[in-house]
Amino acid sequence: MRLGVLASGTGTILQAILEADLGGSAELEVAVVVVDRPCAATDVASAAGVATRLVARTSFGSAFDREAYSKEVATALTDHGVDLVAIAGFGTVLHASFFDAFANRVLNTHPALLPSFKGWHAVDDALNAGVKVTGCTVHIATADVDAGPILAQEAVPVLLGDDAATLHERIKAVERRLYPDTITRFARGELP
Ligand code: GRF
């Protein structure tokens, strides 16, 4: 099986996926990393000898043709024979047509216990809400952002003195283990 990873950021979750033995490399290999902007994730992929594709997002707001952009991302993935897609901190919300093209084959990790704290500010929102426990969720991504079927969750305590950076880092430490593990189990047909 060939996995495509979508990333925009520092790529530490991507790094964890690349370092994980995804059920044995013959079973599931990372075929390509697609980014929407120049970012550290590209360097992480290149250092691991994995192909990268920059599908640069050049417009924002109402000028952005989300459907055309999402088609470009889908093409970058199919060019590399991708069967399964893992979103690992990708900064662009993809159009519904993308999720039709890869129906039930797109996974995401979110730094909160869904359905609580959807969206880009999940860690800040959890802190501001004063919850004592938050966590992370691996789910099937659908056109409805952060709302697809849940595959795995793990709780992370909010500690006294936490700010968004310390809490997010503690959540990401869990994601780096839970996400590769869940991707492998999903690819094997063990989930949901
Ligand atoms: C992760 O917390 C993921 O859940 C969120 O973005 C973060 C990506 O982290 N959507 P990194 O850029 O891979 O370190």
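Structure first, text after, so check above.
First things first, this report covers the structure right here in the doc.

What counts, and at which threshold
Residues numbered from 1 in each chain as written. Predicted model: local features only at pLDDT ≥ 70, side-chain atom pairs only at ≥ 80, totals over all residues. Heavy atoms only, no water. Near = heavy atom within 4 Å. Polar contact = N/O pair within 3.5 Å; in protein donor to acceptor, adjacent residues only side chain to side chain. Areas by Shrake-Rupley, 256 points an atom, 1.4 Å probe, with all protein chains shown as cover. Helix = DSSP H or I, 4+ residues; strand = E, 2+ residues; numbered from the N terminus. Nonpolar A, V, L, I, M, F, W, Y, C, P; charged D, E, K, R; others polar. Axes fitted to C-alpha atoms, helices over the stretch in contact; angles between N-to-C directions. Parallel < 35°, antiparallel > 145°, perpendicular 65-115°, else oblique. Left-handed = near helix turned anticlockwise from the far one by under 90°. Contact = heavy atoms within 4.5 Å. Pairing = 2+ DSSP bridges.

1. Points about the site of the ligand
Turning to step 1, where the next piece is worked out: In the vicinity of the ligand, the contacting residues are Gly-9, Thr-10, Gly-11, Thr-12, Ile-13, Gly-89, Thr-109, His-110, Pro-111, His-168, Lys-172 and Glu-175.
Turning to step 2, where the next piece is worked out: At a separation of 3.0 Å, an oxygen atom of the ligand approaches a polar backbone atom of Thr-109.
Turning to step 3, where the next piece is worked out: Coverage of the ligand by the protein amounts to 88% of the 370 Å² it exposes when considered alone.
Turning to step 4, where the next piece is worked out: Of all the secondary-structure elements, those providing two or more residues to the shell around the ligand are helix H1 (12-19), strand S5 (106-110) and helix H6 (164-187).
Turning to step 5, where the next piece is worked out: If you tally residues by element for the shell around the ligand, the top one is H6, at 3 residues.
Turning to step 6, where the next piece is worked out: Across the shell around the ligand, the residue classes tally to 2 nonpolar, 8 polar and 2 charged.

2. Considering the packing of H1 against H6
Turning to step 1, where the next piece is worked out: The contact between H1 and H6 brings their axes to 9 Å, and the two run at 45°. Relative to H6, the element H1 lies oblique. The two elements H1 and H6 meet at a crossing, and its hand is right-handed. Seen from H1, the contacting residues are Thr-12, Ile-13, Ala-16 and Ile-17; seen from H6, they are Lys-172, Glu-175, Arg-176, Tyr-179, Pro-180 and Ile-183.
Turning to step 2, where the next piece is worked out: For the contact of H1 with H6, a count of residues per class yields 6 nonpolar, 1 polar and 3 charged.

3. Here's the deal with unusual backbone geometry
Turning to step 1, where the next piece is worked out: Residues Leu-114 and Pro-115 are joined by a peptide bond in cis, for which omega reads 10°.
Turning to step 2, where the next piece is worked out: Along the chain, Pro-115 turns up in the loop between S5 and helix H5 (122-129).
Turning to step 3, where the next piece is worked out: In this model, Phe-117 sits at a positive phi of 55°, which is unusual for a non-glycine residue.
Turning to step 4, where the next piece is worked out: Tracing the backbone shows Phe-117 in the loop between S5 and H5.

4. Quick notes on the sheet that holds strand S1 (residues 2-7)
Sheet strands line up and pair through hydrogen bonds in the backbone, either parallel or antiparallel.
Turning to step 1, where the next piece is worked out: A sheet is described by the order of its strands in space; here 7 strands give the open sequence S3-S2-S1-S4-S5-S6-S7, paired in mixed fashion. Taken across any chain shown, the strands that pair with only one partner, and hence form the sheet edges, are strand S3 (51-54) and strand S7 (150-157). Put simply, the sheet's adjacent strands are angled 20° from each other on average, direction ignored.

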